[in-house]
Amino acid sequence: MAEQIQTETQSDSSVHTGHPTPLTYFKVAMTLSVITAIEVGIFYIEDLGLGIIPILVVLSTAKFAMVAMFYMHLRYDAKLFTGFFVGGLVLALSIGLSVLALFKFFA
Amino acid sequence: MAHAEAAAHGGEHEETSTGLNHRKLLMWAFLGSDCMFFGSLIATYVVYFGRSKVGPFPEDVFSIPTTSVSTFVLLMSSMSMVLAYAALNRGSIKGFRIWIASTAIMGMTFLAFQVFEFTDFANHEVHLDCVEIRTNEAAIEELTDYEKTFVDECVEGVDEFEEQHGLTPRTNLFGTTFFTLTGFHGAHVTLGVIWLLSLLFFSFTRGGVTPARSLDVDLAALYWHFVDVVWIVIFTVVYLFGVFPGI
């Protein structure tokens, strides 16, 4: 019965929106929660030292990408939308790195 | 009918020069520019990190468990937002109302956490157990650098030292950059909550929110998810990196 409902929902959603099903949204939410829990768990491992930086960067980038791809539908929408957003992100990153370099953060 | 179909397909196949809905394109352009806005604020916070001359510092005021809960609430609000959009596209106005109301409530919960946090920071108190400090040398090592500057206050006859040293935007560089960054994010969330509540309100008016006009909800959803992804970055860079002992 549950499978039937899920299939109907999937079919209905696919026909009308071309977007993921509510089940996919739920799975994404659970994955985001688990990654957040891992981030907080890792935070308490003091032995990691500076090694925590790449780990947390990878985990938060994964969360960012999941929300953008599935919840903001960039995976399913026109590539131009992705271009506008990624363009802004790249510029933001460039601004950030420039500011850090200007203030000799990496020295 | 054509409009409804275009809206349901995320604004594609429109009769525009790009073939895309220009309202949606404008929203993405705005979000791209907002990335630069928050990128600048985050970079400024990082540049001044560790350069404050006086406390309190991040390790004195941050509570990772509390912020983790508020982060979880905001992540879940993103899920309920997409479920509201999906419900509307299925033609379920009732489902839409339930999920959009849930999203607004979770947004307000996040804001309540932020108000609690800001108030807590502003009223931060340095508390030292002088008896423990006098009898156990290891107790001093457990204090933060800022708390250690108050150890001299534990003179003979003083059992407990307690003094208010709140963190405000004027206290130090950390306070200025932290409140500016998280304050602007909070302002974005506030605007998002107002937008969600207005959609909920208009869903009760005739023709206000319909599957044919789902693009209105799609735009609000994009804004809401953006607020969420910005917080993902802030939570890691400001909170987790900010108080990790190894950094």
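One can find the structure itself at the top, above this paragraph.
Visitor: Can you tell me about the overall build of chain B, naming the residues and giving the values?
Guide: Summing up its helical and strand segments, chain B has 10 helices and two strands in all. Its helices and strands taken in sequence order, chain B reads α-α-α-α-α-β-α-α-α-β-α-α from the N to the C terminus. Here the C-alpha radius of gyration of chain B, 23 Å, is well above what a compact globule of 247 residues would show, namely 18 Å. For chain B, the C-alpha atoms occupy an extent of roughly 85 × 35 × 25 Å along the three principal directions. Across the 247 residues in chain B, those meeting the buried criterion constitute 41%.

Visitor: Please set out the overall build of chain A residue by residue, giving values where relevant.
Guide: Of regular secondary structure, chain A possesses four helices and zero strands. Taken from the N to the C terminus, the helices and strands of chain A come in the order α-α-α-α. Within the span of chain A, comprising 107 residues, buried residues form 29% of the whole. The contacts in chain A between residues at least 6 apart in sequence include a share of 44% that link residues at least 24 apart.

Visitor: Lay out the packing of helix H3 (residues 52-71) of chain A against helix H10 (residues 214-243) of chain B in plain terms, naming residues and giving numbers.
Guide: Close contact between H3 of chain A and H10 of chain B brings their axes to 9 Å; oriented N to C, the two are set at 175°. Our classification of the angle between H3 of chain A and H10 of chain B gives roughly antiparallel. Counting all contacts with H3 of chain A, which are made through Leu56, Ser60, Lys63, Phe64, Val67, Ala68 and Tyr71 of chain A, the residues of H10 of chain B involved are His225, Asp228, Val229, Ile232, Val233, Thr236 and Leu240 of chain B. Partitioning the contact of H3 of chain A with H10 of chain B into residue classes produces nine nonpolar, three polar and two charged.

Visitor: Requested: an account of the interface of chain A and chain B, with residues and values cited.
Guide: Taken together, the contact pairs 48 residues of chain A with 46 residues of chain B. When contributions to the side of chain A that touches chain B are tallied by element, the ones reaching two or more residues are helix H1 (2-16), helix H2 (22-43), H3 and helix H4 (79-102) of chain A. No other element matches H4 of chain A, which puts 14 residues into the side of chain A that touches chain B. When its residues are assigned to classes, the side of chain A that touches chain B shows 30 nonpolar, 13 polar and five charged.

Visitor: Before we move on, can you summarise the nonpolar core with the specific residues and values?
Guide: The tendency in soluble globular proteins is for nonpolar side chains to be buried as a group. By size, the foremost hydrophobic cluster in this structure holds 78 residues, and its most contacted members are Val82 and Ala84 of chain B. Among the elements of the structure, H2, H3 and H4 of chain A together with helix H2 (22-47), helix H4 (64-89), helix H5 (93-122), helix H9 (173-202) and H10 of chain B are those that each provide at least two residues to this core. With 21 residues, H10 of chain B is the single largest residue contributor to this core. Leave out the neighbours within four places in its chain, and Ala84 of chain B touches Phe96, Trp99, Ile100, Thr103 and Val217 of chain B.

Visitor: Which residues make up the packing of H9 of chain B against H10 of chain B, and what are the values?
Guide: Residues and elements named next belong to chain B. At a minimum axis separation of 10 Å, H9 and H10 run at an interaxial angle of 155°. The pairing of H9 with H10 is recorded here as roughly antiparallel in orientation. Pair H9 / H10 crosses with left-handed handedness. Contact with H9, carried on its side by Phe178, Leu181, Thr182, His185, His188, Val189, Gly192, Trp195, Leu196 and Leu199, involves Val217, Ala220, Tyr223, Trp224, Val227, Val230, Trp231, Ile234 and Val238 of H10 and no other residues of that element. Residue composition of the contact of H9 with H10, by class: 15 nonpolar, four polar and no charged.

Visitor: I'd like a rundown of H10 of chain B, residues and numbers included.
Guide: Across its 30 residues, H10 of chain B extends 42 Å between first and last C-alpha, which sits within 8% of the 44 Å expected from 1.5 Å per residue. Burial runs high along H10 of chain B: 27 of the 30 residues are buried.

Visitor: Tell me what's going on with the environment of Lys148 of chain B, and back it up with residues and numbers.
Guide: Checked against the element boundaries, Lys148 of chain B lands in helix H8 (residues 145-148). Other than its neighbours up to four places away in sequence, Lys148 of chain B contacts Ile140 and Leu143 of chain B.

Visitor: Tell me about the environment of Leu74 of chain B, and please be specific about residues and values.
Guide: Residues and elements named next belong to chain B. Inspection of the secondary structure puts Leu74 in helix H4. The buried category is assigned to Leu74, around which 23 C-beta atoms lie within 10 Å. Between the alpha carbons of Leu74 and Ala221 there is a distance of 13 Å; along the sequence they are 147 residues apart. Sequence-distant contacts of Leu74, defined by excluding residues within four places in its chain, comprise Phe110, Asp228 and Trp231.

Visitor: Please set out unusual backbone geometry residue by residue, giving values where relevant.
Guide: Here Gly55 of chain B and Pro56 of chain B are connected by a cis peptide whose omega angle stands at 0°. Tracing the chain through its elements places Pro56 of chain B in the loop between H2 and helix H3 (58-61). In this structure, His73 of chain A takes a positive phi of about 65° despite not being glycine. Here His73 of chain A lies in the loop between H3 and H4. Classification of His73 of chain A as buried rests on a count of 21 C-beta atoms within 10 Å. Its identity is not glycine, yet Lys104 of chain A carries a phi of approximately 55°, on the positive side. Topologically, Lys104 of chain A is positioned in the segment after H4.

Analysis parameters
Residues numbered from 1 in each chain as written. Chains lettered and ligands numbered in written order. Predicted model: local features only at pLDDT ≥ 70, side-chain atom pairs only at ≥ 80, totals over all residues. Helix = DSSP H or I, 4+ residues; strand = E, 2+ residues; numbered from the N terminus. Rg over C-alpha atoms; globule rule 2.2 N^0.38 Å. Buried ≥ 20, exposed ≤ 12 C-beta atoms within 10 Å, placed from the backbone. Contact = placed C-beta atoms within 7 Å. Axes fitted to C-alpha atoms, helices over the stretch in contact; angles between N-to-C directions. Parallel < 35°, antiparallel > 145°, perpendicular 65-115°, else oblique. Nonpolar A, V, L, I, M, F, W, Y, C, P; charged D, E, K, R; others polar. Core = buried A, V, L, I, M, F, W, Y, C linked by C-beta atoms within 7 Å. Left-handed = near helix turned anticlockwise from the far one by under 90°. Expected span 1.5 Å × (residues − 1).

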